[in-house]
Amino acid sequence: MAGISRRTLLHSAIGGGLSLSALPAYARPRQRKPLPQPIIDVKRDFGAKGDGVSNDTEMFAAAGREIKKRGGGTVFIPTGVYVVGDQLKRDSVGMNTASDGRFWVHQPILKIESCTKAVAIIGEGTDKTILRARDGLRFGAFDPATGEVYAHDEPLLDVRYRADAYVGMLEVRNNSSVRISDIHLDGNAYKIMRGGTISDMPNDWQCMAYGIYAQGNHEVLISNVYTHDHGTDGVTIACNTGEAAKLHPHTLQHVRCDRNARHGMSWIGQSGLKAFDCSFSRSGQGAFKVRGGCGVDLEPDCDMSEGYFKRCMFEDNIGNGVSAEGKGSNKADLRDVTFDACTFYATRTEINGSRINAIYVRRPGMTFRGCHITGVVNAGMLPATSLPHVFEDCDFVDAPSVPRDSSERMIDAAYGDAVILKNCRFVAIMRAPLHLTGGTLECCRFDVRLSKDAKLQEWLISISFSKVRNCVFIDNIVEPWEGPPKLGIVYTRELWKDNEIRSPKNRIVPSPG
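We now turn to the structure provided with this report.

### Things to note about the overall build of the protein chain
Looking only at helices and strands, the protein chain has four helices and 48 strands in total. Looking at the 513 residues of the protein chain, the share that counts as buried comes to 58%. When the accessible surface of the protein chain is totalled, it reaches about 20600 Å², and 50% of it is carbon and sulfur.

Given below as structure tokens:
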């Protein structure tokens, strides 16, 4: 993707606007807004080196303080490799609230907060403007007395043992409007010094090392950003604790989150998130992983709605491609989330006894339209009164290379009373396509290409208390077939209408209940 030249930047500063022809048409009007004044150059105005050797943390921190002082403005980061991130020993900062008794105290990098005027953080392209975490930042549990690695088996509730590498390379909080573009954020996880084990359990603490941490902002646009190898998430969008549900548009365009230790992106607050042409992939596949490893984790701390993902990629994550757990103790609502023309590809199905899904949604009202899905979909545990999950015009393709067991289906909605599948296509190679209870199956096509290595139970498809109409089931089983001689389609008789089974050898047979 094209970056921003100095000429374009200066032109925008006098009102000509940014010309980012690589962005789609719907983005261009917002991108042409003049950059907010004043424009601060971290090299020219604050002495950042960007030479890949010198530590530029304090220069970036000073730029952030200046923007806060002015109430808004633009931080321009010219071409360069900026080494950032620093931790001070407790003795150098004193035993106070800044350290909480920790031995290692992280320092802010580029933190901008509480600006009433617009804020922008602008680079010259992901191949030109690079922020890289310095080698040896500590992350995990360290003894507060000695600063040495602290090994432990039980969850830690004592914050004194915690060492954060940084909160966010770019940390923006409680601003009226934020724009971030054309920047490469390298968490350098392979050079992190890891302390004792950390986790994401409810009764444990979790350390921080985010690419972008955005909390409590009214409007955010993030475009053309590559954020990878961070100790937690590539991007986190959050609300303030106790904040009432409001529409605060957050837009991501051409954002690539790769190999982050926890999630590609966490959406835990703010309604109105939209992501276009983004990638959330290989979470947990870098230097190390922490609990999670999802492409995108939807876990509301406050009520969230109106999420929209268009042409996004969720691939090869150590956890679920997209995850929306049930409410549990978290009472916040999540609704009206749509995935349009997205690709989900799960290259594994189980890690350390935990099942991995291409899609795991236990919150109601998710819509998947025109998506390509490889891997297990878990869309159950919804009461009949819930807004339904809708899969429309989607392709479900089994992958022979993905490990499997006999209990897996391509879609498992066994306990879901609110799942609709319409105009979908299934290619079943190694596992049974579907387990559906209390849903609707309409105008779908099942191409059964099972091979002799397929692992499945006696039935091919189980459909209970569901409406099934105008569907086609085709026997393209690979010969010689060594599996069960009869593969049943179990269904409820009175809800079966105008369906067709094409099985010349009568191997796929209806089995009305």
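### Considerations on the state of the cysteines
Counted by the stated rule, this structure contains one disulfide. The residue that forms a disulfide with Cys239 is Cys302, at a sulfur-sulfur distance of 2.3 Å. Of this pair, Cys239 sits in the loop between strand E17 (235–238) and strand E18 (247–258) while Cys302 sits in the loop between strand E22 (296–298) and strand E23 (304–310); the two residues are 63 residues apart in sequence, bridging distant segments of the chain. Given the relative accessible area of 8%, Cys302 is considered buried.

### Focus on the packing of aromatic side chains
A complete count under the given rule lists 21 aromatic pairs for this structure. Between the aromatic rings of Phe339 and Phe344, the centroid separation amounts to 5.8 Å while the plane-to-plane angle is 65°, which identifies the pairing as edge-to-face. Assessed through its relative accessible area of 0%, Phe339 is described here as buried. For Phe344, a relative accessible area of 0% translates into the label buried. Connected via pairs of aromatic rings, a cluster forms that spans Phe280, Phe309, Phe314, Phe339, Phe344, Phe368, Phe391, Phe396, Phe426, Phe446, Phe473 and Trp496. Sitting over the ring of Trp104, Arg138 keeps its end group 3.7 Å from the ring centre.

### Things to note about the pattern of salt bridges
Two side chains that carry opposite charge are able to pair once their charged atoms sit near each other. Inspection of every chain in the model, using the stated rule, returns 27 salt bridges. With its nearest N and O atoms 3.0 Å apart, the salt bridge here joins Asp186 to Arg132. On the criterion of sequence distance, the pair formed by Asp186 in strand E13 (residues 178–186) and Arg132 in strand E9 (residues 129–133) is long-range, its members being 54 residues apart. For Asp186, a relative accessible area of 9% puts it in the buried group. Linking Arg262 and Asp233 is a salt bridge whose minimum nitrogen-to-oxygen distance equals 2.6 Å. Placement of Arg262 in the loop between E18 and strand E19 (265–267) and of Asp233 in the loop between strand E16 (220–228) and E17 is noted, with a sequence separation of 29 residues between them. This pair shows no difference in class: Arg262 is buried, exactly as Asp233 is. Among the charged side chains, a network of salt bridges with common partners joins Asp475, Glu479, Lys505 and Arg507.

### Overview of unusual backbone geometry
Of note, the amide linkage connecting Gln37 to Pro38 takes the cis form, showing an omega dihedral of -5°. Secondary-structure assignment places Pro38 in the loop between helix H2 (28–31) and strand E1 (39–41). At the junction of Glu479 and Pro480, the peptide bond is cis and its omega measures out at -5° in the coordinates. With respect to the helices, strands and loops of the structure, Pro480 is situated in the loop between strand E44 (472–475) and strand E45 (487–491). Its identity is not glycine, yet Asn188 carries a phi of approximately 55°, on the positive side. If you trace the backbone, Asn188 turns up in the loop between E13 and strand E14 (193–194). Look at Asn188 and you get buried, because its relative accessible area is 11%.

### Brief notes about helix H3 (residues 57–70)
Taking 1.5 Å of rise per residue, the 14 residues of H3 would be expected to cover 20 Å, and the 20 Å separating its terminal C-alpha atoms lies within 8% of that figure. Of all the positions in H3, only Thr57, Phe60, Ala61, Ala62, Ala63, Gly64, Glu66 and Ile67 are classed as buried. Phi turns positive one or two residues past the end of H3, at Gly71, with a value near 80°.

### Topic: the side chain of Asp164
Structurally, Asp164 can be placed in the loop between strand E11 (162–163) and strand E12 (168–173). Polar contacts involving the side chain of Asp164 include one to the side chain of Arg102, which spans 3.0 Å. Setting aside anything within four residues of it in sequence, one finds Asp164 in contact with Gln87, Arg102, His106, Arg138, Cys207 and Met208.

### A word on the sheet that holds E14
Pairing in this open sheet of three strands is mixed, and the strands run E11-E10-E14 from one edge to the other. The outermost strands of the open sheet, each flanked by one partner alone, are E11 and E14.

### Considering the pairing of strand E10 (residues 138–141)
Of the pairings in the sheet, the one linking E10 to E14 comprises two bridges and is parallel in character. Residue pairing for E14: Phe139 is matched across the bridge by Arg194.

### Some remarks on the nonpolar core
Core analysis: the biggest nonpolar cluster contains 107 residues, and Phe309, Phe339, Phe344, Phe391, Phe396 and Leu421 have the highest contact counts within it. If you tally residues by element for this core, the top one is E13, at four residues. In this structure Leu421 touches Phe391, Phe396, Ile411, Phe426, Leu434, Leu436, Thr440, Leu441, Glu442 and Cys444, once residues within four positions along its chain are discounted. Core analysis: the next-biggest nonpolar cluster, separate from the first, contains five residues, Tyr210, Tyr213, Ala238 and Ile268 among them.

### Let's talk about the pairing of E13
Burial analysis of E13 places nine of its nine residues in the buried class, which makes it a mostly covered element. In this sheet, E13 lies alongside strand E8 (residues 119–122) in parallel orientation, the contact comprising four bridges. Bridge assignment links Ile122 to a residue of E13, and that residue is Ser181. Inspection of the sheet shows E9 paired to E13 by three bridges, in the parallel sense. Within the sheet, the bridge partner assigned to Leu131 lies in E13 and is Leu185. In this sheet, E16 lies alongside E13 in parallel orientation, the contact comprising eight bridges. Bridging across to E16, His184 finds its partner in Tyr226.

### Re the environment of Trp267
When you line up the elements, Trp267 lands in strand E19. When the C-alpha atoms of Trp267 and Gly307 are compared, they prove to be 9.6 Å apart, with 40 residues separating the residues in sequence. Dropping the residues within four chain positions of it, Trp267 is found in contact with Ile237, Leu273, Asp297, Leu298, Glu299, Pro300, Met304, Ser305, Gly307, Leu334 and Val337.

Cut-offs applied
- Residues numbered from 1 in each chain as written.
- Predicted model: local features only at pLDDT ≥ 70, side-chain atom pairs only at ≥ 80, totals over all residues.
- Heavy atoms only, no water.
- Helix = DSSP H or I, 4+ residues; strand = E, 2+ residues; numbered from the N terminus.
- Buried < 20%, exposed > 50% of the residue type's maximum accessible area, 1.4 Å probe, protein only.
- Areas by Shrake-Rupley, 256 points an atom, 1.4 Å probe, with all protein chains shown as cover.
- Disulfide = S-S within 2.5 Å.
- Phe/Tyr/Trp six-rings, centres within 6.5 Å; stacked < 30°, edge-to-face > 60°.
- Lys NZ or Arg CZ within 6 Å of the ring centre and 35° of its normal.
- Salt bridge = Lys/Arg side-chain N within 4 Å of Asp/Glu carboxyl O.
- Expected span 1.5 Å × (residues − 1).
- Polar contact = N/O pair within 3.5 Å; in protein donor to acceptor, adjacent residues only side chain to side chain.
- Contact = heavy atoms within 4.5 Å.
- Pairing = 2+ DSSP bridges.
- Core = buried A, V, L, I, M, F, W, Y, C linked by side-chain atoms within 4.5 Å.

Structural measurements only, silent on function.
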